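Architecture at a glance
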Amino acid sequence: MGRLELQATLRGHVGTVWAVEWSPTGLLVSCGTDKTIRLWKLNPRESSYQLITAFSGNAFLRTTRDLSFSPDGRSLAVACFDATATVLELFGGKNPRFDPVVCLEGHDSEVKSVAYSSSGALLATCSRDRSVWIWEVGLDFEYNCIAVLHGHSADVKHVAWHPECELLVSSSYDDTMRVWVEDADDWFCSEVLSAHTGTVWGVAFEGAAMASVSSDESLIVWRRELVRNYPTFRVAARVDHLHDNGALCVHWKTLIASGGADDCICILRKRNEREQNTQSNEQITSNLTESWDVVAREQRAHTGDVNRVAWSPVHDNILASCGDDGLVRVWRYVDDDIQRG
């Protein structure tokens, strides 16, 4: 078992903080209902996080809902409730700053999520208008829409790219996830995933595997397999009643982290083969091929919904979270079993 140790509480936002995102170099950025983007940096001497810059300006007319850094860390895409997505350029140095470089228009309603592909060549946006847009990223911040994807019957809440190929997954208020792929410059839905019984709020990839969370309080682990020579996602594990209210966000980096409407953060670890062999006969004979255990549970991570969790790409076992309480928090996961060993 393990635990989460609070490393820092970052204050400054007014109202709900909707998203936190790490840059490839370990900078932390947050956004929320105050229409402000805040950039935080770790001060190694003091082991604390300091506010480096706050950007608002006239770029955002309404709530900023989601964030995604390009793989090179130069660009930050921001989803906004004014039906746009804005791309900011990050200038480094001793005094980092954001400058808006392009505003992506076309959605008919609130933009809920943005995500760069692993190559940085594509950006996906999704909206309350039930559509998913794919933008091609060119030189000098040229963004061209190359596909408008329809199929969801309600708000599209989240988009996530496969880390190893240009495959996109969207999740929705219609309780489904859709898998989008390209063939001869034509993007289409290759699969509809409907294992959840409530709004699918978040999706996260780790290699070829995927995790999803839902208002049905569950987390599902998916593996991509070949069935009759056709790649498809299959449910490998399911953790029911993970949260006492809806599960709202998920991120995966060896360990899976989830946050919920019960103010709680959960950390899950996959059982190894030896541990799985000790399962009951009922578990072994089920269609599920994996088991995941909750190894840490922070019951009062925030005093309100936990809207986003994100593992640091450069610091081991460091997790950021944000919530309805207006706070950004940084945690360290401690594995007590390893420490005792």
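Residues numbered from 1 in each chain as written. Predicted model: local features only at pLDDT ≥ 70, side-chain atom pairs only at ≥ 80, totals over all residues. Heavy atoms only, no water.

**A short note on the UniProt feature "repeat: WD" (unreviewed entry) in the protein chain**
- The UniProt record annotates "repeat: WD" (unreviewed entry) at residues 10–50, 104–137, 149–180 and 299–331.
- Spanning residues 104–137, this segment combines 0% helix with 56% strand, and its end C-alpha atoms are found 12 Å apart.
- Note that residues 299–331 is 0% helix and 48% strand, and that its end C-alpha atoms are spaced 13 Å apart. (UniProt positions renumbered as here; feature names shortened; annotations may be inferred. Helix = DSSP H or I, 4+ residues; strand = E, 2+ residues; numbered from the N terminus.)

**Structural notes on the sheet that holds strand β1 (residues 2–10)**
- Spatially, β1-β28-β27-β26 is the arrangement adopted by the four strands of the open sheet, whose pairing is antiparallel. Each end of this open sheet is capped by a strand with a single partner; those strands are β1 and β26 (306–311). In this sheet, neighbouring strand axes are inclined to one another by 25° on average, regardless of whether the strands run parallel or antiparallel.
- Sheet analysis places β1 next to strand β28 (residues 328–335), joined by eight bridges and oriented antiparallel. (Pairing = 2+ DSSP bridges. Axes fitted to C-alpha atoms, helices over the stretch in contact; angles between N-to-C directions.)

**Considerations on the pairing of strand β9 (residues 97–104)**
- Pairing analysis gives seven bridges linking strand β8 (residues 85–91) to β9, with the strands arranged antiparallel. Each residue of the ladder has a partner; that of Val87, found in β9, is Val102.

**What about the side chain of Ser68?**
- Inspection of the secondary structure puts Ser68 in strand β6 (residues 64–69).
- By relative accessible area, which is 7% here, Ser68 ends up buried.
- If near-sequence neighbours (up to four positions away) are discounted, Ser68 is found in contact with Glu21, Ser75, Leu76, Ala77, Val114, Ala115 and Tyr116. (Buried < 20%, exposed > 50% of the residue type's maximum accessible area, 1.4 Å probe, protein only. Contact = heavy atoms within 4.5 Å.)

**Section: the pattern of salt bridges**
- Enumeration according to the criterion identifies 18 salt bridges in this entry.
- We note a salt bridge from Asp99 to Arg97, for which the minimum N-O separation is 3.3 Å.
- Judged by its relative accessible area of 41%, Arg97 is partly exposed.
- Put simply, Arg223 and Glu290 hold a salt bridge, and the shortest N to O gap is 2.5 Å. Taken together, the positions of Arg223 in strand β20 (residues 219–227) and Glu290 in the loop between α2 (281–284) and β25 (292–298) put the pair 67 residues apart, joining distant regions of the chain. (Salt bridge = Lys/Arg side-chain N within 4 Å of Asp/Glu carboxyl O.)

**Comments concerning the sheet that holds β25**
- What the four strands build is an open sheet, ordered β22-β23-β24-β25; its pairing is antiparallel. Edge positions in the sheet fall to β22 (247–253) and β25, since each of these pairs with one other strand and no more. Strand-to-strand twist in this sheet, taken as the mean axis angle between neighbours without regard to direction, amounts to 25°.
- Pairing analysis gives four bridges linking strand β23 (residues 255–260) to strand β24 (residues 265–270), with the strands arranged antiparallel. In the strand pairing of β24, Gly259 is matched with Ile265.

**Observations concerning the state of the cysteines**
- If you walk through the whole model with that rule in mind, you get zero disulfides.
- No disulfide involves Cys189; its sulfur sits 14 Å from the nearest other cysteine sulfur, which is in Cys126.
- By relative accessible area, Cys189 is classed as partly exposed at 25%. (Disulfide = S-S within 2.5 Å.)

**A word on the environment of Thr84**
- Checked against the element boundaries, Thr84 lands in the loop between β7 (75–80) and β8.
- Linking Thr84 and Thr53, residues 31 residues apart in sequence, is a C-alpha distance of 23 Å.
- Those residues within four positions of Thr84 in sequence are excluded, and the remaining contacts are Val78, Ala79, Cys103, Leu104, Glu105 and Val111.
- Among the polar contacts made by the side chain of Thr84, one reaches the side chain of Asp82 at a distance of 2.5 Å. (Polar contact = N/O pair within 3.5 Å; in protein donor to acceptor, adjacent residues only side chain to side chain.)

**Here's the deal with unusual backbone geometry**
- Even without a glycine there, the phi angle at Asp185 is positive, about 65°.
- Here Asp185 lies in the loop between β16 (177–183) and β17 (186–193).
- Take Asp185: its relative accessible area is 67%, and that puts it in the exposed class.
- At Asn317, a residue that is not glycine, the phi angle is positive and equals roughly 60°.
- Here Asn317 lies in the loop between β26 and β27 (318–323).
- Among the residues examined, Asn317 registers a relative accessible area of 35% and is labelled partly exposed.

**Let's talk about the packing of aromatic side chains**
- According to the stated counting rule, one finds six aromatic pairs in the structure shown.
- Ring centres 5.9 Å apart and planes at 80° place the aromatic pair Trp161 and Trp187 in the edge-to-face group. Of this pair, Trp161 sits in strand β14 (residues 156–161) while Trp187 sits in strand β17; the two residues are 26 residues apart in sequence, bridging distant segments of the chain.
- Taking 5.4 Å as the distance between ring centres and 85° as the angle between the ring planes, the aromatic pair formed by Trp252 and Trp292 counts as edge-to-face. Of the two residues, Trp252 is situated in strand β22 and Trp292 in strand β25; the sequence distance between them amounts to 40 residues. Residue Trp252 shares its accessibility class with Trp292, and that shared class is buried.
- When the ring centre of Trp18 is taken as reference, the NZ or CZ atom of Arg65 above it lies at 4.0 Å.
- Positioned above the aromatic ring of Phe91, the side-chain terminus of Arg97 is 4.3 Å from the ring centre. (Phe/Tyr/Trp six-rings, centres within 6.5 Å; stacked < 30°, edge-to-face > 60°. Lys NZ or Arg CZ within 6 Å of the ring centre and 35° of its normal.)

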